[in-house]
Amino acid sequence: EAGVTQSPTHLIKTRGQQATLRCSPISGHTSVYWYQQALGLGLQFLLWYDEGEERNRGNFPPRFSGRQFPNYSSELNVNALELEDSALYLCASSLLENTEAFFGQGTRLTVV
Amino acid sequence: AQSVTQLDSHVSVSEGTPVLLRCNYSSSYSPSLFWYVQHPNKGLQLLLKYTSAATLVKGINGFEAEFKKSETSFHLTKPSAHMSDAAEYFCVVSGSFKTIFGAGTRLFVKA
């Protein structure tokens, strides 16, 4: 069974550009979570999608947005990139709330 | 409101000695609690989870954690550290449409 897959693995953008990160959950999982792991800041919750709807978002500005498609895959979009957006972005999926989340390998975003 | 606090940002132990990684949480209801491990350049892996069953939870690689409601703690322990245990560990509280990760504890294991 395939795990959570994220693409691309690495992404380099310049300040002001937009980045799009993609995530495919484990088959059958309807919940997708996005996290930012910046150096020295630990894991910060970004967004949670379930059944195509945004259930919750963390303390990030509106230029961080996303969506979940009918097949439960998800996109994270970051507009007007800033240098401090450089981080590892992790996607996770779970079957239900409060159950184990399975993580992808992440997308390393570098903003120059 | 929910929150989770990992009391130590770094823990250093010698190989073969016990490991204790501390986690305190707060929640207005009965949450689910998890410990995840992240090895360098690898994704996060679930170590163990508590979901209101037995208060002593056994996980993979010899780790276990005890849920103590009176102390609002969920500390992670292992009787004997191995070099391969060196990694970052995250305590997680989940419930009511929110999953919160602790800041992480980096475990160093000395030979």
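See above for the structure.
Throughout, a residue's number is its position along its own chain's written sequence, starting from 1. Whichever chain is written first becomes A and whichever ligand is written first becomes 1, with later ones labelled in order. Only residues with pLDDT of at least 70 get local features here, since the model is predicted, and only at 80 or more are side-chain atom pairs given and counted; chain-wide, interface and lining totals rely on the full set of residues. Each side-chain value is derived from all of the structure's non-hydrogen atoms; neither hydrogens nor water enter the calculation.

**Thoughts on the sheet that holds strand E1 (residues 5-7) of chain A**
All names here are of chain A. For the record, the criterion: Strands qualify as paired when DSSP identifies two bridges or more between them. Elements are defined by DSSP. Helices are runs of H or I of four residues or more, strands are runs of E of two residues or more, and each kind is numbered from the N terminus. Lines fitted to the C-alpha atoms define the axes, with helices restricted to the stretch that makes contact. Angles between their N-to-C directions range from 0 to 180 degrees.
Taken together, the four strands give an open sheet; going across it, the order is E1-E3-E8-E7, and neighbouring strands pair in antiparallel fashion. The strands lining the two open edges of the sheet, one partner per strand, are E1 and strand E7 (64-68). Along the sheet, successive strands turn relative to each other by an average axial angle of 15 degrees, direction set aside.

**Some remarks on the layout of surface pockets**
Condition: In this analysis a 1.4 Å probe is tested at points of a 1 Å grid over the protein atoms alone, and where it fits but cannot get out there is a cavity; an open set with protein on both sides within 12 Å along at least five of seven lines is a pocket; lining residues have an atom within 4 Å of a point. Grid points are joined across faces, edges and corners, and a volume is the space filled by probe spheres set on the points. Each residue is assigned to one class: nonpolar for Ala, Val, Leu, Ile, Met, Phe, Trp, Tyr, Cys and Pro, charged for Asp, Glu, Lys and Arg, and polar for all the others, Gly among them.
For the second largest pocket, the calculated volume is near 220 Å³. Lining the second largest pocket we find 11 residues, and of these Gln44, Phe45, Gly58 and Asn59 of chain A together with Ile100 of chain B sit closest to its centre. Taken together, the elements giving at least two residues each to the lining of the second largest pocket come down to strand E5 (42-50) of chain A together with strand E11 (98-101) of chain B. The element contributing the most residues to the lining of the second largest pocket is E11 of chain B, with four residues. When the residues that make up the lining of the second largest pocket are grouped by side-chain class, the tally is five nonpolar, four polar and two charged.

**Topic: the state of the cysteines**
For clarity, the cut-off: Here, a disulfide means two cysteine sulfur atoms that sit within 2.5 Å of each other. Accessibility here uses a 1.4 Å probe with only protein chains present; expressed as a share of the type maximum, an area under 20% marks a residue as buried, one over 50% as exposed, and anything in between as partly exposed.
Under the counting rule described, the total for this entry stands at two disulfides over all chains. The disulfide bridge from Cys23 of chain A ends at Cys91 of chain A, spanning 1.8 Å between sulfur atoms. Since a negative S-S torsion denotes a left-handed disulfide, the Cys23 of chain A-Cys91 of chain A link at about -65 degrees is left-handed. With Cys23 of chain A in strand E3 (residues 19-24) and Cys91 of chain A in strand E9 (residues 87-94), this pair connects stretches of sequence that are 68 residues apart. In this model, Cys23 of chain B is linked to Cys91 of chain B through a disulfide, with the two sulfur atoms separated by 2.0 Å. Around the S-S axis, the bridge from Cys23 of chain B to Cys91 of chain B shows a dihedral of about -70 degrees and counts as left-handed. On the criterion of sequence distance, the pair formed by Cys23 of chain B in strand E4 (residues 23-26) and Cys91 of chain B in strand E10 (residues 87-95) is long-range, its members being 68 residues apart. Residue classification places Cys23 of chain B among the buried positions, given a relative accessible area of 0%.

**Digging into the side chain of Glu75 of chain A**
All names here are of chain A. Formally: Throughout, a contact is declared for two residues whenever any of their heavy atoms are within 4.5 Å.
By the secondary structure assignment, Glu75 is in strand E8 (residues 74-78). Here Glu75 falls in the buried class, since its relative accessible area comes to 11%. Setting aside its immediate chain neighbours within four residues, Glu75 contacts Thr20, Leu21, Arg22, Trp34, Ser65, Gly66, Arg67 and Phe69.

**Let's talk about the pairing of E5 of chain A**
All names here are of chain A. Here E5 lies mainly inside the structure; eight of its nine residues are buried. Here E5 runs beside strand E6 (residues 53-57); their pairing, made up of four bridges, is antiparallel. When the sheet's bridge partners are listed, Asp50 is paired in E6 with Glu53. The turn linking E5 back onto E6 is made up of two residues, and Glu51 within it adopts a positive phi angle of 50 degrees.

**Some words on the interface of chain B and chain A**
Heads up, the rule is: Buried area is calculated as the accessible area (1.4 Å probe) missing from two parts once they are joined, with the contributions of both summed. For the purposes of these results, a polar contact is taken to be a pair of N or O atoms within 3.5 Å, where, inside protein, one atom must be able to donate a hydrogen and its partner to accept one; residues adjacent in sequence count only when each atom of the pair is a side-chain atom.
On the chain A side, the residues contacting the 20 residues of chain B number 19 residues. In total, chain B and chain A occlude about 1,500 Å² of area from one another, counting both sides; carbon and sulfur atoms represent 53% of this. Joining chain B to chain A, the criterion identifies two residue pairs in polar contact (both at pLDDT 80 or more). With four residues, the top contributor of residues to the side of chain B that touches chain A is strand E5 (residues 32-38) of chain B. Classifying every residue of the side of chain B that touches chain A by side-chain character gives eight nonpolar, nine polar and three charged.

**Regarding the packing of aromatic side chains**
To be explicit about the condition: Side-chain rings of Phe, Tyr and Trp, where Trp is taken by its six-membered ring, are said to pair if the distance between their centres is within 6.5 Å; with planes under 30 degrees apart they count as stacked, over 60 as edge-to-face, and otherwise as tilted.
Evaluated as defined, the whole model comprises 14 aromatic pairs over all chains. Ring plane angle 70 degrees and centroid distance 4.7 Å describe the contact between Tyr35 of chain A and Phe101 of chain B, whose orientation is recorded as edge-to-face. Of this pair, Tyr35 of chain A sits in strand E4 (residues 31-38) while Phe101 of chain B sits in strand E11, which puts the two residues in different chains. Each ring, one from Phe103 of chain A and one from Phe101 of chain B, has its centre 5.8 Å from the other, and the planes form 85 degrees; the classification is edge-to-face. Linking Phe103 of chain A in strand E10 (residues 102-103) with Phe101 of chain B in strand E11, this pair reaches from one chain into another. Residue Phe103 of chain A is classed as buried on the basis of its relative accessible area, which comes to 9%. In this structure Phe101 of chain B comes out as buried when scored by relative accessible area, which is 9%.

Geometric descriptors of this kind do not, in isolation, establish any biological role.
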